[in-house]
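# Breakdown of the fold
This is what each chain is made of:
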Amino acid sequence: MKRSDQLEQLRTEEFDCLVIGGGASGAGCALDSVLRGYKTALVEKTDFAAETSSKSTKLIHGGVRYLEQAFKNFDFAQLSQVRHGLEERHTVLKNAPHLARPLALVTPVFSWIEGLYFTIGLTIYGWFASGKDTLPGSKWLSKSEVKKRLPRLSDRIHSAVMYYDGQLDDARYCLAIAQTAAAKGGTVANHVEVNGFERDENGRLVAALATDLRTGEPVRIRAKVFINCTGPFADRIRLMANPQLSERIRPSKGVHAILPYEILGGEDALLIPKTPDGRVVFAIPFQGKLMLGTTDDDYDNLAKEPILDKREVDFLLETLNPYLNEKAQPEHVGAGFGGLRPLIAADPSKGTKGLVRDHEVEYDQNSSLVSLLGGKWTTYRLMAKDTIDFVEEKLLGEQRPCITDQQILVGGDNFDANQWQNLQQQTGLPEAICKHLNQHYGSAAPQLVEVLAENETWREPLHEQYPYLQGEVVYAARYEMACTVRDFLARRIRLEILDWDVAQQVSTKVAQAMGSELGWDQAQIESEAAAYGSLVQQFRVEAQV
Ligand SMILES: Cc1cc2nc3c(=O)[nH]c(=O)nc-3n(C[C@H](O)[C@H](O)[C@H](O)COP(=O)(O)OP(=O)(O)OC[C@H]3O[C@@H](n4cnc5c(N)ncnc54)[C@H](O)[C@@H]3O)c2cc1C
């Protein structure tokens, strides 16, 4: 994925499909379109998964809460959402096994009646899974069984019900989809923002007018079909294509706070089944930390990044603490992040938590813009399939089979969790580092090892507490299109969402390594590191931690 080559293609070639937005939806559409043999381009304003798709709870699930709502409200839309999620769970796990894994979730209960309720509910939940699904079914655990799995849980609990869903590294999964699209012949570029369109005499779109945000240069991209996958920002593109349209998206903010792993002290996740505002909250182990979230609030300032604030920290800790013997405190919060759900507007009098998370493919007759609206991470592949099916039928006049369910993503082919031992023999690096390299890069790890061999410094860790190496920055800039310090720290590795202190501390080293690959001078190295440092400082101020 050499960015300069991709930009040259964007400028000079004409595409069947141009996908706008490089989150899960856009990367998914680009891959599907490429695999059906269409000449496809994908452009992303910031970085792959920079917005919602790197800020999710990271569950591959049907949604137990949606199932409960479906039954309570006789709501078939919710039910089909659950069914879609559980059907896709198996495929998401299978196609990138280095980036996704089964996760046990434990729901503590305070009486046997509650235990019975959740056992019945979670058994029904399991029935919706795909026939190919291999995850274990749900199980009622005694108090002593659950305390063995999660030793820090409160002594007040009666028992717990355990079930399985999937967990993914959302940012790297999205990158792997985009990389696979590129490997199969697609043209993909990050830091390219679409800010206008050219039309023919009938008002139909013929070219997108974009800007390369790294250089400020204009990029005109010609295509037959334009697919808007900009998630919470979808209305901006819709109205750019046709100002007569009315707004459809109702963004909803959700945040997570990051705590030390030891707060819960086990490999399983905790599901808190009821919050004061009628939602569920998860405490999930993720890459050595505990991720606590989420919230659900209307959000209308799309120009401002939705970051974790003090009120949200307090709410999340108050929700978690009744389930612990030793209470978590605000000073335990080491990082946090917020994202915007791209919910489709329904009745404005309802809160966002009542809105269905299913997707819709919208077609604007006047401009011919296709927009993929709503949806969830879990169903990204299905959403992309529906979109490209529609595009084929309505606009391209063809019918080619969708094969994304069979497409193993970059890094996932022949993945073996024990491969870290070979990496260790080859490199002599410590076990924790080799495990991290294997899990992060999968079958692409040997290519990374070649980069490490170029320079002794690249074998050195960025920070002694974490397994990340300086050479990963070079690798990310060379092969994964990382262009900024934040591309690397927030999305190529996940340090920004795990540990603000350390992310800030290593930002200069990251800028230096990235600068050596991308040809930055000293002034640029310093300004990129300083800009990142102030951003993280702003996160701290807002969360007051
Ligand atoms: C707090 C939270 C928790 C969630 N948890 C889960 C979960 O556990 N499981 C699950 O299945 N789902 C979950 N979701 C939902 C899921 O994350 C989203 O549905 C999904 O990531 C949306 O992907 P997207 O590609 O549609 O949007 P985005 O990821 O936001 O991507 C849209 C992209 O378009 C780009 N863009 C915008 N304007 C332009 C432009 N003019 N030119 C070029 N590019 C542009 C943006 O930069 C952005 O990267 C969660 C969501 C939130 C907010």
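For the structure itself, consult the block above.
A brief look at the structure comes next. Quantities reported herein were computed from a predicted structural model and do not represent experimental measurements.

Each value, and the rule that gives it
Residues numbered from 1 in each chain as written. Predicted model: local features only at pLDDT ≥ 70, side-chain atom pairs only at ≥ 80, totals over all residues. Heavy atoms only, no water. Near = heavy atom within 4 Å. Polar contact = N/O pair within 3.5 Å; in protein donor to acceptor, adjacent residues only side chain to side chain. Areas by Shrake-Rupley, 256 points an atom, 1.4 Å probe, with all protein chains shown as cover. Helix = DSSP H or I, 4+ residues; strand = E, 2+ residues; numbered from the N terminus. Nonpolar A, V, L, I, M, F, W, Y, C, P; charged D, E, K, R; others polar. Domains from an automatic or database assignment. Buried < 20%, exposed > 50% of the residue type's maximum accessible area, 1.4 Å probe, protein only. Contact = heavy atoms within 4.5 Å.

## Overview of the site of the ligand
In the vicinity of the ligand there are 40 residues, among which S25, E44, S53, L59 and T378 approach most closely. Measuring from a nitrogen atom of the ligand, one finds a backbone N or O atom of K45 at 3.0 Å. Contacts to the ligand include S53, whose side-chain N or O atom sits 2.5 Å from an oxygen atom. Calculation on the ligand without its partners gives an accessible area of 1,000 Å², and the protein chains cover 97% of this total. Among the elements of the structure, α2 (24-35), β8 (192-199), α8 (234-241), β11 (249-260) and β16 (335-344) are those that each provide at least two residues to the shell around the ligand. No other element matches the 4 residues that β16 contributes to the shell around the ligand. Class assignment of the residues belonging to the shell around the ligand gives a composition of 13 nonpolar, 18 polar and 9 charged. Mapping the shell around the ligand onto the domain boundaries places at least three of its residues in each of domain 1 (3-53 + 171-248 + 357-406) and domain 2 (101-167 + 250-354).

## Looking at helix α14 (residues 470-479)
Here α14 lies mainly inside the structure; 8 of its 10 residues are buried. Residues of α14 that are buried: Q470, G471, E472, V473, V474, Y475, A476 and A477. Buried residues belonging to α14 abut α12 (431-441), α13 (445-452), α15 (485-492) and α17 (500-518). Just downstream of α14 lies M481, where phi reads positive at about 60 degrees.

On their own, these measurements won't tell you what the molecule is for.
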